[in-house]
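One-letter residues, chain by chain:
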Amino acid sequence: MGDFENKEREEVFSKKVRAGKRTYFFDVKATRSDDYYVTITESKKRFEDGQFIKHKIFLYKEDFEKFAEGLKDVVEYIKSNQEVVEKRYEPNFEDAGYSEDNKVAQRDDFSF
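Computed from a prediction, not measured in an experiment: that's the story for all the values here.

If you walk through the whole model with that rule in mind, you get 2 aromatic pairs. A connected cluster of aromatic rings, assembled from ring pairs, spans Tyr37, Phe58 and Tyr60.

Right, let's talk about a nonpolar patch on the surface for a bit. Taken together, Ile57, Phe67, Leu71 and Val74 make up a surface patch of nonpolar side chains, about 300 Å² in accessible area. When residues of the nonpolar patch are assigned to their parent elements, the largest contribution, 3 residues, is made by helix α2 (residues 64-81). Within the secondary structure, Ile57 is located in strand β4 (residues 52-60). Ile57 sits in the partly exposed class, given a relative accessible area of 41%.

This next bit is on the side chain of Thr23. Inspection of the secondary structure assignment puts Thr23 in strand β2 (residues 22-30). Accessibility expressed as a relative area gives 16% for Thr23, which makes it buried. Sequence-distant contacts of Thr23, defined by excluding residues within four places in its chain, comprise Lys16, Val17, Arg18, Thr41, Glu42 and Ser43.

What follows concerns unusual backbone geometry. You will see that Asp34, though not glycine, has its phi angle at about 65°, which is positive. Examined against the element boundaries, Asp34 turns out to sit in the loop between β2 and β3 (36-45).

So, how was this worked out
- Residues numbered from 1 in each chain as written.
- Predicted model: local features only at pLDDT ≥ 70, side-chain atom pairs only at ≥ 80, totals over all residues.
- Heavy atoms only, no water.
- Phe/Tyr/Trp six-rings, centres within 6.5 Å; stacked < 30°, edge-to-face > 60°.
- Patch = residues over 30% accessible without salt bridge, like charges linked within 9 Å, V, L, I, M, F, W, Y side chains within 5 Å.
- Areas by Shrake-Rupley, 256 points an atom, 1.4 Å probe, with all protein chains shown as cover.
- Salt bridge = Lys/Arg side-chain N within 4 Å of Asp/Glu carboxyl O.
- Helix = DSSP H or I, 4+ residues; strand = E, 2+ residues; numbered from the N terminus.
- Buried < 20%, exposed > 50% of the residue type's maximum accessible area, 1.4 Å probe, protein only.
- Contact = heavy atoms within 4.5 Å.

Here it is as structure tokens:
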């Protein structure tokens, strides 16, 4: 039964995004019937005890368009109604896109 349970949550693709004190994980997983879905996990370290607190949501393919539309709408609202100050984060050596040779961190474009 172990193989059956592993297949239910088979990870197909993963993207880690570090943003200051938080890390976000975007994971594509496959169900038993090989349908893909997305899990979005926020991980933040608690200062009091050093424990990582994680929050996770599951996003299924039938909801992708509505989810993306809703996210786009709220991001546009914030950009239109409040000045967005870009925070500069120190590059992390483990992040993809960081080049040790020239000490430059390449940025992902997450504009909507």
